[in-house]
Amino acid sequence: MLTPVFSQMYFSQAVSPCPAKPLMVSVGEDALLPCHLSPRMNAEDMEVRWFRSSFPEVIHLYRDGKDQPEQQILEYQGRTELLRDNITEGSVVLRIHSIRPADEGQYSCFFQSSTFYGAALLELKVAGLGSGPHISIADYEAGGIRVVCTSGGWYPEPEMLWRDSSGQLVPSLSQIKSQQENGLFEAQISFVIKERTHPGLNCYIRNPRLNQEKESTIYIAGQFSSQPDLVPIPLGGAGGSTATGGSALLFLCLILVAPSQKEYSVNGKGSEKGSKDDQGIWNSFHMWCDKVPPLLWWVLRCASLADCSPQWIFPLWNPSLGQLLLCLIRS
């Protein structure tokens, strides 16, 4: 609680020290900034002013027993409310609605009467926990497949990195971070998969202020050739893009395995988003991705002869799994 200490104007002014810790508020939430007189006294007939760097730049002004919204600067018009339930005891609370990154900084609370005045400072910090990272396949590049991880809605600037299935850091091919008009950050990193050395690739993004992170994982199954063939194969399930030959096999293995996402808080425990069915599908796809030669012929037959019956090349397959694969490829 802020405690500006007041004295009569003909005595030296005393102001209480700032709070030891700043007030932390998440993006989109309301901030409550408390302030009171010491010793306590009735402030109904006083002026109560909240401002930031400049005294005339009013965030909220209470004067003559009522609010003065016409005095507010544009950024805070319609966003503030002075809670006066305990004003007779010299205690007020400023509510700021829908906190934005631009609201971060120091706030001054000022009381004034005909005989005394005083002020105190409060620091407000803003934090935004953005969306879970999304991993997508960009294109064929430098003898491999380029995967991209993106996420948005973070504040302050987040930390983002790749790790393999053993937890080892994987260097990014590129990293881009940009601040949007609303003050929130978007981040993107990429990596080129050239061979089956990372069966599970994890993308992490972390808010250093909240010490919270989110994770997304893409599983990589099957072998692929770094030299693509010349047979174009449309992949309807990947948004209508076209792959060729050996690289198309990796595209299939990657696209048909949905990334799993986890979110971690300060205690390091995570809650996984998904179900056990996802892992079952992954295990099934792992088996068929390892059957590269017959699968390649099946894809070519499907593309050229429009004969996409999954049972003719894999008679031992579970028919329901074959139909699932068929639906994914032709969706």
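None of the values given here were measured: they were computed from a predicted structure.

Turning to the overall build of the protein, a few remarks are in order. A count of helices and strands for the protein gives 4 helices and 22 strands. The burial tally for the protein puts 40% of its 331 residues in the buried class. Counting contacts in the protein only where the partners sit at least 6 residues apart, residues at least 24 apart contribute 59% of the total. Split by element, the accessible area of the protein, about 17100 Å² in all, is 52% carbon and sulfur.

Here the focus is the state of the cysteines. Taken as a whole, this structure holds 2 disulfides when the rule is applied. Here C35 pairs with C109 through a disulfide, and the sulfurs are 2.2 Å apart. Handedness here is read from the sign of the S-S torsion; for C35 and C109, about -95 degrees, the answer is left-handed. With C35 in strand β3 (residues 31–36) and C109 in strand β9 (residues 105–112), this residue pair connects regions lying 74 residues apart in the sequence. Assigned by exposure class, C35 and C109 land together as buried.

All right, on to unusual backbone geometry then. Between S38 and the following residue, P39, the backbone shows a cis peptide bond with an omega angle of 5 degrees. Locating P39 in the fold gives a position in the loop between β3 and β4 (47–51). Following Y155, the chain continues to P156 via a peptide bond in cis, the omega torsion being -5 degrees. Within the secondary structure layout, P156 lies in the loop between β12 (144–154) and β13 (159–164). The phi torsion at D64 lies on the positive side, around 60 degrees, for a residue other than glycine. Within the chain, S98 stands out as a residue other than glycine whose phi angle is a positive 50 degrees.

Now for the pattern of salt bridges. Between side chains of opposite charge, a pair can form as their charged atoms come close. Per the counting criterion, the structure on display carries 11 salt bridges. With a shortest N-O distance of 3.3 Å, E47 and R63 are connected by a salt bridge. In this pair, E47 is assigned in strand β4 and R63 in strand β5 (residues 58–63), connecting sequence segments 16 residues apart. Residue class for E47 comes out buried when judged on its relative accessible area of 13%.

A few words on the sheet that holds strand β15 (residues 174–179). Spatially, 4 strands are ordered β11-β12-β16-β15 in an open sheet, and the strand pairing comes out antiparallel. The open sheet is flanked by β11 (134–141) and β15, the only strands paired with a single partner. Strand-to-strand twist across the sheet, computed as the mean angle between neighbouring axes with direction ignored, equals 20 degrees. Relative to strand β16 (residues 185–193), β12 runs antiparallel, the two sharing 9 bridges. Of the residues in β16, the one forming a bridge with V147 is F191.

On to the sheet that holds strand β8 (residues 91–96). Taken together, the 3 strands give an open sheet; going across it, the order is β3-β8-β7, and neighbouring strands pair in antiparallel fashion. Two strands close off the open sheet at either side, each with one partner strand: β3 and β7 (80–83). With strand direction ignored, the average angle separating the axes of adjacent strands in the sheet is 20 degrees. Here β3 runs beside β8; their pairing, made up of 6 bridges, is antiparallel. Bridge pairing in β8 links L33 to L94.

The next point concerns the side chain of R49. Topologically, R49 is positioned in strand β4. Of the polar contacts made by the side chain of R49, one reaches the side chain of E47; its length is 3.0 Å. Ignoring any residue separated from it by four or fewer positions in sequence, one finds R49 in contact with F55, P56, V58, H60, L61, R63, S108, C109 and F110.

Further remarks concern the packing of aromatic side chains. Each pair of aromatic rings is reported with the distance of its centres and the angle of its planes. Under the definition given, this model contains 5 aromatic pairs. Between the aromatic rings of F55 and F110, the centroid separation amounts to 5.2 Å while the plane-to-plane angle is 90 degrees, which identifies the pairing as edge-to-face. One end of the pair, F55, is in the loop between β4 and β5; the other, F110, is in strand β9, with 55 residues separating them in the sequence. Measuring from centroid to centroid gives 6.3 Å for F110 and Y117, while their planes differ by 35 degrees, and the two rings are tilted. For F110, a relative accessible area of 10% gives the class buried. Connected via pairs of aromatic rings, a cluster forms that spans F51, F55, F110 and Y117.

Conventions adopted
Residues numbered from 1 in each chain as written. Predicted model: local features only at pLDDT ≥ 70, side-chain atom pairs only at ≥ 80, totals over all residues. Heavy atoms only, no water. Helix = DSSP H or I, 4+ residues; strand = E, 2+ residues; numbered from the N terminus. Buried < 20%, exposed > 50% of the residue type's maximum accessible area, 1.4 Å probe, protein only. Contact = heavy atoms within 4.5 Å. Areas by Shrake-Rupley, 256 points an atom, 1.4 Å probe, with all protein chains shown as cover. Disulfide = S-S within 2.5 Å. Salt bridge = Lys/Arg side-chain N within 4 Å of Asp/Glu carboxyl O. Pairing = 2+ DSSP bridges. Axes fitted to C-alpha atoms, helices over the stretch in contact; angles between N-to-C directions. Polar contact = N/O pair within 3.5 Å; in protein donor to acceptor, adjacent residues only side chain to side chain. Phe/Tyr/Trp six-rings, centres within 6.5 Å; stacked < 30°, edge-to-face > 60°.

Interpretation in functional terms is not warranted from these geometric data alone.
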